[in-house]
Amino acid sequence: MTQQDLSKQIKRRRTFAIISHPDAGKTTLTEKLLLYGGAIRLAGSVKSRRSQKHAVSDWMEIEKQRGISVTSSVLQFEYNGYCINILDTPGHQDFSEDTYRTLMAADSAVMVIDCAKGVEEQTKKLFHVCKMRGIPIFTFINKLDRAGKSPFELMEEIEKVLGIKSYPMNWPIGTDGDFKGVYNRSKSQIELFSDGNHGQSVVSSIVGDVGDVAFKEHLGEQQHQQLMEEIELLDMAGDEFNLNKILNGQLTPIFFGSAMTNFGVQPFLESFLSLTTPPAGRTSNIGEIDPLSNEFSGFIFKIQANMNPTHRDRIAFLRICSGKFDKGMTVNHVQGNKKVRLSQPQQFMAQDRVIVEEAYAGDIIGIHDPGIFRIGDTLCHLQDKIMYEGIPVFAPEHFAKIYAKNSLKRKHFLKGISQIAEEGAIQVFKRPQLGVEELIVGVVGALQFEVLEYRLNNEYGVEVVMNQLPYKYIRWVEMENFDADSFGVTMDTLIVEDEDQQPVLLFQNEWSIDRVKERNPKAVLKDISSRR
Ligand code: GDP
């Protein structure tokens, strides 16, 4: 393949994640993007794909029982010459750590906000992770077909609560259940949508200049007048469009629409694809790696065991960061210091899992993991030895003591705990003086405890007892010559160590965190660990 063809393939890739608080419409929007991309014919099939998926290949009954999507996958489809990778993330907030890691593999994010609810708790957390990475964040304000907050109010909320300036790319015409279309600010055009069939298929639209008298008649004098006034206000008082700021994550372009009725989905998709970035360079131990480089490289951002219960397999999800991947290729697993042949790579198309023959920077592939990979590991061209920046370990918020009911099962128990920890589903801590005699597990969402218990029983044949602990906050300690005995903590603080033997503090309240900071001015307390 020539360098030119390689560049062309990579430059047309758009890899992003959709983030939202549960129920804001992430699934619906994803499905509509697939619909517009021609990857599915009728809306509704993503949900049925989910139930089908549950029946055949889901690795965990819990998903079925609770009807929630626990794991994330990747969807790839084509649209207007673009090759789109949507990183799908778990719907339930208890699995948000998985989402945080998935965001490490994305080049940009789409933030879906419910127009009636505004910025919600989970949106804030996920936004924070995107902000940390400095990736572009696009906002889709959803459910405009229903009554909600005013568009101006929503803009203000985004700025106040999230601390990011916004630029509406379009403006809704008709709110509070009377949503008719959008005004496209860059083209000064009105786009009116017609009813369609409840969002099942693509809606048609009438597009024309805002000054066109036909629109005045269609909208009525009053609505047209109101629109003109709002546009004027936006132009005068709003922030200016600035592509650089968008690409640096300092300004979020806002789109208004309704994923359910498809209104505004196409204008969003087209504008988003043209503004957002193709795969960007990523930082490694030898500097930034150019995605257009001829040499293949990528990192593992997620490991998922037992996706297929009949095979008990482990899949590592690899984000390709540079060059081209060919099936069967032998690469260097840098952290493991070993050559590995990637023989059965899988890709996750809109509907199915398929064996992939070739893939490019920006794509995500699933590779078989015989238990050798860890999250954050780099795979690269045989002659290279690059290591991409590690994936942060996010702060667990729930902690429990855990042990096997039957002490004869201890070996299985420890194996299960360590494998599940390698997947990143739990974090394991020990008290230095007790070692493995007493294990403490930390999770980001409480539901993960149930998953852990279920999986230890189901996959490793171990019944466990778990006692929840009152700790809510974790801080990794960075300081020279840390000494647990002389380190000043409050009565209710626990000193433990993580899997890398780094000192960690568990707190019950924020007050104690402040006290400990005061007493140990030389220690730096961090709520994200970047060691991995
Ligand atoms: P998720 O939890 O963010 O994935 O949200 P879903 O896509 O599952 O949507 C949650 C609920 O909101 C579902 O009942 C959807 O039908 C509904 N919904 C999604 N988009 C819209 C919209 O544009 N308008 C209205 N009225 N409802 C919507």
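Here the structure is a predicted model, which means the values were calculated and not measured.

Reading the values: rules and limits
- Residues numbered from 1 in each chain as written.
- Predicted model: local features only at pLDDT ≥ 70, side-chain atom pairs only at ≥ 80, totals over all residues.
- Helix = DSSP H or I, 4+ residues; strand = E, 2+ residues; numbered from the N terminus.
- Buried ≥ 20, exposed ≤ 12 C-beta atoms within 10 Å, placed from the backbone.
- Contact = placed C-beta atoms within 7 Å.
- Near = placed C-beta within 6 Å.
- Nonpolar A, V, L, I, M, F, W, Y, C, P; charged D, E, K, R; others polar.
- Pairing = 2+ DSSP bridges.
- Axes fitted to C-alpha atoms, helices over the stretch in contact; angles between N-to-C directions.
- Core = buried A, V, L, I, M, F, W, Y, C linked by C-beta atoms within 7 Å.
- Parallel < 35°, antiparallel > 145°, perpendicular 65-115°, else oblique.
- Left-handed = near helix turned anticlockwise from the far one by under 90°.

## A word on the overall build of the chain
Now for step 1: The helix and strand tally for the chain stands at 14 helices and 31 strands.
Now for step 2: The buried share among the 532 residues of the chain stands at 42%.
Now for step 3: When contacts within the chain are restricted to residue pairs at least 6 apart in sequence, those whose partners lie at least 24 apart make up 70%.

## A few points about the site of the ligand
Now for step 1: Residues in close proximity to the ligand total 16 residues, the closest being Gly25, Lys26, Thr27, Thr28 and Met260.
Now for step 2: No other element matches helix α2 (residues 26-36), which puts 3 residues into the shell around the ligand.
Now for step 3: When grouped by side-chain class, the residues that make up the shell around the ligand number 4 nonpolar, 7 polar and 5 charged.

## Some remarks on the environment of Thr15
Now for step 1: With respect to the secondary-structure elements, Thr15 resides in strand β1 (residues 13-20).
Now for step 2: In sequence terms Thr15 and Lys401 are 386 residues apart; their C-alpha atoms lie 39 Å from each other.

## A word on the sheet that holds strand β8 (residues 181-184)
Now for step 1: Sheet architecture is open: 4 strands sit in the order β7-β8-β9-β10, paired in antiparallel fashion. Pairing within the sheet leaves two strands with one partner each, and these edge strands are β7 (170-173) and β10 (205-209). Direction aside, the axes of adjacent strands within the sheet are offset by 20° on average.
Now for step 2: Summarising the sheet, β8 and strand β9 (residues 189-193) pair through 4 bridges and their orientation is antiparallel. Within the sheet, the bridge partner assigned to Val182 lies in β9 and is Glu191.
Now for step 3: Along the sheet, helix α9 (residues 221-237) contacts β7 and β8; its crossing angle with β7, the most-contacted strand, is approximately 155°.

## With respect to the nonpolar core
Now for step 1: Grouped together as the largest cluster of nonpolar side chains are 125 residues, with contacts concentrated most on Ala109, Val110, Met111, Ile300 and Leu318.
Now for step 2: Sorting elements by how many residues they give to this core places strand β15 (residues 314-322) first, with 6 residues.
Now for step 3: Setting aside chain neighbours within four positions, we find Leu318 in contact with Gly298, Ile300, Ile364, Ile365, Ile367 and Leu379.

## Looking at unusual backbone geometry
Now for step 1: Despite not being glycine, Asp23 has its phi angle at roughly 85°, a positive value.
Now for step 2: Examined against the element boundaries, Asp23 turns out to sit in the loop between β1 and α2.
Now for step 3: Asp23 sits in the partly exposed class, given 15 other C-beta atoms within 10 Å.
Now for step 4: Phi is positive for Asn337, close to 55°, though the residue is something other than glycine.
Now for step 5: Mapped onto the elements, Asn337 comes out in the loop between β17 (330-333) and β18 (338-341).

## So, the packing of α2 against helix α11 (residues 265-275)
Now for step 1: The contact between α2 and α11 brings their axes to 10 Å, and the two run at 80°. By the criterion of interaxial angle, the relationship of α2 to α11 is roughly perpendicular. In this structure, α2 uses Lys32, Leu33 and Tyr36 to contact α11, whose residues at the interface are Val265, Gln266 and Leu269.
Now for step 2: Partitioned by chemical class, the residues of the contact of α2 with α11 number 4 nonpolar, 1 polar and 1 charged.

## Observations regarding the packing of helix α12 (residues 410-422) against helix α13 (residues 447-460)
Now for step 1: As a packed pair, α12 and α13 sit with axes 10 Å apart at the nearest point and diverge in direction by 125°. The pairing of α12 with α13 is recorded here as oblique in orientation. Read as a crossing pair, α12 and α13 show a hand that is right-handed. Residues His412, Phe413, Lys415, Gly416 and Ile420 of α12 lie in contact with α13, whose contacting residues are Leu452, Arg455, Leu456, Glu459 and Tyr460.
Now for step 2: Residue composition of the contact of α12 with α13, by class: 5 nonpolar, 2 polar and 3 charged.

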